[in-house]
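One letter stands for each residue in the lines below.
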Amino acid sequence: MTSVVLDLDDTDEQRAFRSSVRAFAKRELAPRSDEAEATGKYPRELLKKAADQGLIGLTLAEELGGLGAGVRYQAIATEELAYVCAGLATGLNGLGLNLFKYASQEQRDRYLVPTLAGECTGSFAITEPDAGSDVLNMSGRAVRTADGWRITANKMYITKAPFAEYLFVVVYTDKEARRNGLSAFLVDTSTPGVTVEKMDKLGHWSMETGMVYLDCELPAEALLGEEGRGLEYVGETLELGRVNHASRSLGVARAAYDAAVAYAHDRSTFGRPINQHQAIQFKLARMLTTVRSAALHVRDAAVRVEQGQTTTGATNMAKLVASEAAVSVATDAMQVFGGMSYIMETPVQRFLRDAFLYPVSEGTSEIQLRNIARLTGIVSTTGCGH
Ligand SMILES: Cc1cc2nc3c(=O)[nH]c(=O)nc-3n(C[C@H](O)[C@H](O)[C@H](O)COP(=O)(O)OP(=O)(O)OC[C@H]3O[C@@H](n4cnc5c(N)ncnc54)[C@H](O)[C@@H]3O)c2cc1C
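The sections below set out a description of the structure shown in this document. (Residues numbered from 1 in each chain as written. Predicted model: local features only at pLDDT ≥ 70, side-chain atom pairs only at ≥ 80, totals over all residues. Heavy atoms only, no water.)

Attention now goes to the packing of helix H7 (residues 278-306) against helix H8 (residues 314-337). At a closest axis distance of 9 Å, the pairing of H7 and H8 adopts a crossing angle of 160°. One finds that H7 runs roughly antiparallel with respect to H8. Regarding H7 and H8, the two cross each other, and that crossing is left-handed. Class assignment for the residues of the contact of H7 with H8 results in 16 nonpolar, six polar and four charged. (Axes fitted to C-alpha atoms, helices over the stretch in contact; angles between N-to-C directions. Helix = DSSP H or I, 4+ residues; strand = E, 2+ residues; numbered from the N terminus. Parallel < 35°, antiparallel > 145°, perpendicular 65-115°, else oblique. Left-handed = near helix turned anticlockwise from the far one by under 90°. Nonpolar A, V, L, I, M, F, W, Y, C, P; charged D, E, K, R; others polar.)

On to the pairing of strand S5 (residues 182-188), then. In terms of residue burial, S5 counts as a mostly covered element, since seven of its seven residues are buried. Across seven bridges, strand S4 (residues 166-172) lies against S5 in antiparallel orientation. By the bridge assignment, Leu-167 is partnered in S5 with Val-187. Pairing of S5 with strand S8 (residues 223-224) involves two bridges; the strand directions are antiparallel. For Phe-185, the partnering residue across the bridge sits in S8 and is Leu-223. (Buried < 20%, exposed > 50% of the residue type's maximum accessible area, 1.4 Å probe, protein only. Pairing = 2+ DSSP bridges.)

Ranked by size, the top nonpolar core spans 99 residues in total, and within it Leu-81, Leu-92, Phe-100 and Leu-224 carry the most contacts. Here the element with the most residues in this core is helix H6 (residues 230-266); it accounts for 16 residues. Counting 19 residues, the second largest nonpolar core, distinct from the first, contains Ala-125, Trp-149, Leu-167 and Leu-218. (Core = buried A, V, L, I, M, F, W, Y, C linked by side-chain atoms within 4.5 Å.)

When the charged atoms of two side chains lie near each other, side chains of opposite charge can form a pair. Applying the stated criterion across every chain yields a total of 30 salt bridges. Between Asp-12 and Arg-15 there is a salt bridge; the shortest N-O distance is 3.2 Å. Placement of the pair is Asp-12 and Arg-15 together in helix H1 (residues 12-39), with a separation of three residues, close to one helical turn. Residue classification places Asp-12 among the exposed residues on the basis of a relative accessible area of 62%. When its relative accessible area of 30% is taken as the criterion, Arg-15 is described as partly exposed. Across the pair Glu-227 and Arg-144 runs a salt bridge, and its minimum N-O distance is 2.6 Å. Here Arg-144 lies in strand S2 (residues 141-144) and Glu-227 lies in the loop between S8 and H6, a separation of 83 residues in the sequence. Residue classification places Glu-227 among the partly exposed positions, given a relative accessible area of 35%. Ionic contacts of the salt-bridge type, sharing partners, join the residues Asp-9, Asp-10, Arg-18, Arg-22, Arg-72, Glu-79, Glu-80, Arg-254 and Arg-299 into one network. (Salt bridge = Lys/Arg side-chain N within 4 Å of Asp/Glu carboxyl O.)

Turning next to the packing of aromatic side chains. All told, the structure shown has 10 aromatic pairs when counted by the stated rule. Taking the centre distance of 5.1 Å and the plane angle of 70° together, the rings of Phe-17 and Tyr-73 count as edge-to-face. Placement of Phe-17 in helix H1 and of Tyr-73 in helix H3 (residues 71-84) is noted, with a sequence separation of 56 residues between them. The pair Phe-17 / Tyr-73 is uniform in exposure class, with both members buried. With a centroid separation of 4.7 Å and an interplanar angle of 40°, the aromatic rings of Tyr-111 and Tyr-166 are classed as tilted. Separated by 55 residues along the polypeptide, Tyr-111 in helix H5 (residues 105-116) and Tyr-166 in strand S4 bring together distant segments of the chain. According to the relative accessible area criterion, Tyr-111 is buried, its value standing at 6%. Among the aromatic residues, ring-to-ring pairing joins Phe-100, Tyr-111, Phe-124, Tyr-166 and Phe-168 into one connected group. One cation-aromatic arrangement involves Arg-353 over Trp-205; the distance from NZ or CZ to the ring centre is 3.6 Å. (Phe/Tyr/Trp six-rings, centres within 6.5 Å; stacked < 30°, edge-to-face > 60°. Lys NZ or Arg CZ within 6 Å of the ring centre and 35° of its normal.)

Here the focus is the pairing of strand S3 (residues 148-159). In terms of strand pairing, S2 meets S3 through four bridges, oriented antiparallel. Bridge pairing in S3 places Arg-141 opposite Thr-152. Linking S2 back to S3 in an antiparallel pair, the connection comprises three residues. Here 10 bridges tie S3 to strand S7 (residues 209-219), and the two strands are oriented antiparallel to one another. Each bridged residue has a counterpart across the sheet, and for Gly-148 the counterpart in S7 is Pro-219.

Counting buried residues along helix H9 (residues 348-355), eight of its eight residues qualify, which places the element largely inside the surrounding structure. Where the residues of H9 are buried, they touch H1, H3, helix H4 (86-90), H6 and H8. (Contact = heavy atoms within 4.5 Å.)

What follows is about the environment of Val-298. Tracing the sequence through the fold places Val-298 in helix H7. Sequence separation of Val-298 and Leu-46 is 252 residues, and the distance between their C-alpha atoms is 26 Å. Residues contacting Val-298, with those up to four places away along its chain left out, are Ala-75, Ala-246, Ser-247, Leu-250, Ala-318 and Ala-322.

As structure tokens, then:
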């Protein structure tokens, strides 16, 4: 049903890839979505199915065992998976696996190889109760010991943590050094002194999220890459993460739009389908336009990252526009569904609950605007370059 103006793929290869992910999502996510949403339990077997489909190592470099596909392919995959179930989709992207380029061979053998086989998975633990937008305000730290490291940190809202086998944890190894004092560690969740408490959320019910408490001893080899480069590694992950996040928002916005179009066709009032009322047509037209603008931003941001044009502000804009598009389109879809929107058996309430996450996570809208202002030189130039 999706309108032709949303066909923004550039090649037949991309279209074929989209069709294959769409079929996978219908086959593997759709039948599991209702139960996972109702129980709040992530169906682990999906990891294996996604790995077999080539989705986990999609963008990972070939020398690390991935497929080396461009970010564009990840964006397409995430959009199609999120269209069916955003919570389940969140568990299936391997963008952060690129951090394994900094890992030792032993770390790769232990975590990356089984991750690519769908046998294990990891989380990114950066946020703390007093350090979300303000990352440098974190108090988690790691101190050298005779045998390795002692790490103490409370990490909050960590996606997948309740069922992950390992965590990428970022903490201070030198707080005085601020930006250059953060380091990344690969921590096994079975380490004594690591505990995870599940957190209940408004949406994304099929994805498990947790509070992670770390008070543990780690071997020297748990350090990922070089000491003091943690923030740089986070920045690299987030540039890709924003494209992925925006693609997920786009998938939800598209799903809400399609659901509204179908309902407006089937539902009649005053003797005609509600899509014959101009007020509803205007609403649907605006929704489609909003979805398309998000899609154009996502495509542009993915292409730029693929071409190596990073830190231009394009990924921040894509994340900002797409996350707000998801909320706006899902809100309008609720209105099109009328009273039925408020009944749990219809999907639109899920789209809205899921969408509310997007402007407040992975760099809130305000933080995107702050970074767009910084990266584009808004405050130091007089306009668009004329
Ligand atoms: C479901 C969920 C999953 C998540 N998954 C993960 C994960 O896997 N790993 C991880 O590390 N984190 C994760 N997060 C954390 C998420 O990225 C943070 O919640 C987010 O960065 C915002 O931080 P905060 O909640 O501390 O808000 P705050 O930083 O306290 O911000 C509160 C408000 O103030 C605004 N604000 C803050 N500073 C400024 C400023 N300088 N100018 C203008 N406005 C400002 C913000 O935009 C926001 O509106 C997740 C969060 C959620 C809800």
